[in-house]
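Results of the structural survey
Listed below, chain by chain, are the residues.
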Amino acid sequence: MQLLNPEVPRALSRVKRLNMIVLDWAGTTVDYGSMAPVKTLTELFSRAGMPITESEARRDMGLPKKDHIRNILLARNGNETGLDGLYREFIPLQFACLARYSTIISGIPQAVARFRKRDLKIGSTTGYTREMLDLLVEQSAQEGYHADCSLTPEDAGAGRPHPFMMYSLAIRLQAYPMAAVVKVGDTPADILEGLNAGAWSVGIVKTGNMIGLSQQEFETLPLSEQAQRLRQARTQFAEAGAHYVVDSVAELDPVLDDIDDRLATHTN
Ligand SMILES: [Mg+2]
């Protein structure tokens, strides 16, 4: 054998700035506090005679819903007995409350308009199924937010923490290399999806699953308690390997500026 190039593979085209942003749904762009899946999962397990706490329901948030239910079963019972039946029951239960908890988070349409002004393509990924996402896409379009392409695990063959939804978006929206792509979401599973894709990963704390409170609930907490919860959530994102953390999508602009600066000045 003969070694010709000792470098780890990387894209040939030198990337100067971001060209695609990929936004998560619940807890990131809609459903402040990521309430819809939690309400559904606690109800599902309580009906099945296996009550779970809200924090148990939130621990694996961001995964495809069947994997999420499997992980709750494994953590609770040590096996996945009953998974298929629970998942069948989950689907209508989730639909029943999805529309109610899917209000767009304030500032999203304006933030996305700013991202478009920077020539960013707007992709989105989720742990919801295609039917559930269709409902969200339709409702949020009426409220002023629409992505250029929105994918579910079934569209790409697998969900988080795998990177395939990101790769599919890159193909459909013609974005490359992956260093020109930033993934934004409210769970460690979102961060892993971005990192596995070779993209930048940004964690959202205040509006998402890591705080897990509605806007009103969060704002009625004493300021010291708010600060402590935000600190804890930031630590969890740091542990997951996030490149940056911000309170909400509306506060992403300085992160995008910073990434663009780093891309413009890096040498490799
Ligand atoms: Mg989410």
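Counting of residues starts from 1 at the beginning of each chain's written sequence and follows it residue by residue. It should be noted that, the model being predicted, local features are given only for residues of pLDDT at least 70 and side-chain atom pairs only at 80 or more, the latter also being counted only at that level, while totals for whole chains, interfaces and linings use all residues. Neither water nor hydrogens contribute to the side-chain values; these are computed over all heavy atoms in the structure.

1. What to know about the overall build of the protein
Helix and strand labels come from DSSP, where a helix needs a run of H or I of at least four residues and a strand needs a run of E of at least two; each type is numbered from the N terminus. In terms of regular secondary structure, the protein is built from 12 helices and 6 strands. Compactness check: the protein gives a C-alpha radius of gyration of 19 Å against a globular reference of 18 Å for 268 residues, within 12% of the reference. Across its three principal directions, the C-alpha atoms of the protein cover 60 × 50 × 35 Å. Scored against the burial criterion, the 268 residues of the protein give a buried share of 51%. The criterion used for residue contact is that any of the two residues' heavy atoms lie within 4.5 Å. Contacts in the protein between residues far apart in sequence, at least 24 positions, make up 72% of those at least 6 positions apart. Shrake-Rupley sampling with a 1.4 Å probe provides the accessible areas, and residues are treated as covered by the protein chains on show and by no other component. Of the accessible surface of the protein, which amounts to about 12,600 Å², a share of 52% is contributed by carbon and sulfur atoms. Computed over 28 positive and 33 negative side-chain charges, the separation of the two mean positions in the protein equals 3 Å. It is over C-alpha atoms that the radius of gyration is taken, and the globule rule equals 2.2 Å times the number of residues to the power 0.38. Exposed residues in this analysis have more than 50% of their type's maximum accessible area, buried residues have under 20%, and partly exposed residues fall in between, with area computed by a 1.4 Å probe over protein chains only. The charge count treats Lys and Arg as positive and Asp and Glu as negative. His and the chain ends do not count. Positions of charges follow a simple convention, taking NZ of Lys, CZ of Arg, CG of Asp or CD of Glu.

2. Quick word on the coordination of the magnesium ion
In the first shell of the magnesium ion, the protein supplies Asp24 (OD), Ala26 (O) and Asp186 (OD), at 2.1 to 2.2 Å from the metal. Between consecutive donor residues of the magnesium ion, the sequence gaps follow D-x1-A-x159-D. As far as burial versus exposure is concerned, aspartate 24 and alanine 26 are alike and both buried. Here the term donor refers to an N, O or S atom within 2.8 Å of the metal (or 3.2 Å for Na, K and Ca), and because water is left out of the atoms, sites may appear incomplete.

3. A closer look at the pairing of strand β4 (residues 181-185)
Of all 5 residues making up β4, 5 are buried, and the element is well covered by its neighbours. For strand β1 (residues 20-23) and β4, the ladder comprises 4 bridges, and the chain directions are parallel. What sits directly across from leucine 23, in β4, is valine 184. In this scheme, strands are said to pair when DSSP sees at least two bridges between them. Bridge count for β4 against strand β5 (residues 200-204) is 4 bridges, and the pairing is parallel. Counted as the bridge partner of glycine 185 is glycine 203 from β5. A clockwise path from the first strand over the helix to the second, with the strands pointing away from the viewer, defines a right-handed crossover. Regarding topology, helix α9 (residues 188-197) serves as the crossover connection from β4 to the parallel β5, and that connection is right-handed.

4. A closer look at the pattern of salt bridges
We define a salt bridge as a side-chain nitrogen of Lys or Arg found within 4 Å of a carboxyl oxygen belonging to Asp or Glu. Enumeration over the complete set of coordinates arrives at 19 salt bridges. The shortest N-O distance in the salt bridge between arginine 116 and aspartate 148 comes to 2.8 Å. Of this pair, arginine 116 sits in helix α5 (residues 108-117) while aspartate 148 sits in the loop between α6 (130-142) and β3 (149-151), and the two are 32 residues apart along the sequence. Here aspartate 260 makes a salt bridge to arginine 118, at a shortest N to O gap of 3.2 Å.

5. Things to note about empty space enclosed by the protein
Only protein atoms enter the 1 Å grid, on which a cavity is a set of points fitting a 1.4 Å probe that cannot get out and a pocket is an open set with protein on both sides within 12 Å along at least 5 of 7 lines, lining residues being those with an atom within 4 Å of a point. Grid points are joined across faces, edges and corners, and a volume is the space filled by probe spheres set on the points. Scanning the model with the defined rule gives 1 cavity of 30 Å³ or more in all. Put simply, the largest cavity is a space of about 100 Å³. Asp24, Ala26, Gly62, Lys65 and Arg160 are, among the 16 residues lining the largest cavity, the residues nearest its centre. Classifying every residue of the lining of the largest cavity by side-chain character gives 6 nonpolar, 5 polar and 5 charged. Gly falls in the polar group here, along with every residue not listed as nonpolar (Ala, Val, Leu, Ile, Met, Phe, Trp, Tyr, Cys, Pro) or charged (Asp, Glu, Lys, Arg).

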